[in-house]
Amino acid sequence: MNPARIFEQNEQWIKKRLGSDPGYLDRLSRPQQPSILYIGCADSRVMPEAFMGAGPGEVFVHRNVGNLVAPGDPNTGSAVIYGVEHLKVGHIVVCGHYDCGAVKAVLHSEDLGSLEPWLRNLRVVYQRHQEELDALPVATDRCDRLVELSVRAQCANILEFTEVQASISETGLQVHGWVFDLRSGRIVDLNVGRE
């Protein structure tokens, strides 16, 4: 996509949006009240609001490489705390996706240089489940399974936040682990916490 063309497309989007919904921008400029904090991968093929059918203000989105919730990461931590304490979300969703580049890099033992400290969390998940993963005969199956195992691990990391624990006790906040299947377009619910 050509960055210079984005401004032209933005003008077209405004005209089209207001043509079909004259009050859209008025509603968009109101304070947000999302019920979901979504933590997902930054992969450009994954568009959470689109595949969830969500509109503006319905989902507070935080994305990073590999949809990781790394202990001590102030970026993800601030999104979690803001979502839980200030926006009062009722649900936190950690959503991975099949065919994830970060997962593939870990499976293939690629050294990603300055990204290595970030991927440490994911490498630990791989090491913890290496025997199970290496026993899978197809590379796609190994990748898919590590995506699922990582989502579960990131949900466990979310549950370590004292703010999340307090909100679970006080408001019934729920944590969910999902995977977006790029091949089918479907969301796979890993039933985190309901097993």
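Residues numbered from 1 in each chain as written. Predicted model: local features only at pLDDT ≥ 70, side-chain atom pairs only at ≥ 80, totals over all residues. Heavy atoms only, no water.

A. Structural context of the environment of Arg45. Residue position: Arg45 is located in the loop between strand 1 (36-41) and helix 3 (48-52). When the C-alpha atoms of Arg45 and Asp189 are compared, they prove to be 19 Å apart, with 144 residues separating the residues in sequence. Residues contacting Arg45, with those up to four places away along its chain left out, are His97, Asp99 and Leu182. Within the local environment of Arg45, its side chain forms a polar contact with the side chain of Asp99, the two groups lying 2.9 Å apart. (Helix = DSSP H or I, 4+ residues; strand = E, 2+ residues; numbered from the N terminus. Contact = heavy atoms within 4.5 Å. Polar contact = N/O pair within 3.5 Å; in protein donor to acceptor, adjacent residues only side chain to side chain.)

B. Region of the structure containing the packing of aromatic side chains. A complete count under the given rule lists four aromatic pairs for this structure. Between the aromatic rings of Trp13 and Tyr24, the centroid separation amounts to 5.9 Å while the plane-to-plane angle is 85°, which identifies the pairing as edge-to-face. Within this pair, whereas Trp13 is found in helix 1 (residues 3-20), its partner Tyr24 is found in helix 2 (residues 24-28), the two being separated by eleven residues in sequence. We classify Tyr24 as buried; its relative accessible area is 9%. Members of the aromatic cluster, connected to one another through ring pairs, are Tyr38, Phe51 and Phe180. Positioned over the ring face of Tyr24 is Arg17, at 4.3 Å from the centre of the ring. (Phe/Tyr/Trp six-rings, centres within 6.5 Å; stacked < 30°, edge-to-face > 60°. Buried < 20%, exposed > 50% of the residue type's maximum accessible area, 1.4 Å probe, protein only. Lys NZ or Arg CZ within 6 Å of the ring centre and 35° of its normal.)

C. Examining the packing of helix 4 (residues 74-86) against helix 9 (residues 162-171) more closely. Orientation of helix 4 relative to helix 9, taken along the N-to-C sense of each, is 25°, at an axis distance of 9 Å. The angle between the axes of helix 4 and helix 9 places the two elements in the roughly parallel class. The way helix 4 lies across helix 9 gives a crossing that is left-handed. Between helix 4 and helix 9, the contacting residues are Val80, Ile81, Val84 and Glu85 on the first element and Glu163, Val164 and Ser167 on the second. Residues that form the contact of helix 4 with helix 9 fall into these classes: four nonpolar, one polar and two charged. (Axes fitted to C-alpha atoms, helices over the stretch in contact; angles between N-to-C directions. Parallel < 35°, antiparallel > 145°, perpendicular 65-115°, else oblique. Left-handed = near helix turned anticlockwise from the far one by under 90°. Nonpolar A, V, L, I, M, F, W, Y, C, P; charged D, E, K, R; others polar.)

D. A nonpolar patch on the surface, seen in detail. Among the surface-exposed residues, Trp13, Leu18, Leu25 and Leu28 lie close enough to one another that they form a single nonpolar patch of about 310 Å² accessible area. For the nonpolar patch, the secondary structure elements donating two or more residues are helix 1 and helix 2. Inspection of the secondary structure puts Leu25 in helix 2. A relative accessible area of 33% means that Leu25 is categorised as partly exposed. (Patch = residues over 30% accessible without salt bridge, like charges linked within 9 Å, V, L, I, M, F, W, Y side chains within 5 Å. Areas by Shrake-Rupley, 256 points an atom, 1.4 Å probe, with all protein chains shown as cover. Salt bridge = Lys/Arg side-chain N within 4 Å of Asp/Glu carboxyl O.)

E. Main features of the nonpolar core. Counting residues in hydrophobic clusters, the biggest one holds 41 residues, and the most contacted among them are Val80, Ile92, Val103, Leu122, Leu146, Ile158 and Val164. Put simply, the parts of the chain that give this core at least two residues each are strand 1, helix 4, strand 3 (91-97), helix 5 (101-107), helix 6 (116-128), helix 8 (139-158) and strand 4 (174-180). No other element matches the eight residues that helix 8 contributes to this core. Ile36, Tyr38, Val59 and Val93 belong to the second-largest nonpolar core, a separate cluster that totals nine residues. (Core = buried A, V, L, I, M, F, W, Y, C linked by side-chain atoms within 4.5 Å.)

F. Fine view of the sheet that holds strand 3. Across the sheet, which stays open at both edges, the five strands sit in the order 2-1-3-4-5 with mixed pairing between neighbours. Each edge of the open sheet is held by one strand with a lone partner, namely strand 2 (59-64) and strand 5 (187-189). Put simply, the sheet's adjacent strands are angled 25° from each other on average, direction ignored. Strand contacts of helix 4: strand 1, strand 2 and strand 3, with the helix running at about 170° to strand 2, the strand carrying the most contacts. (Pairing = 2+ DSSP bridges.)

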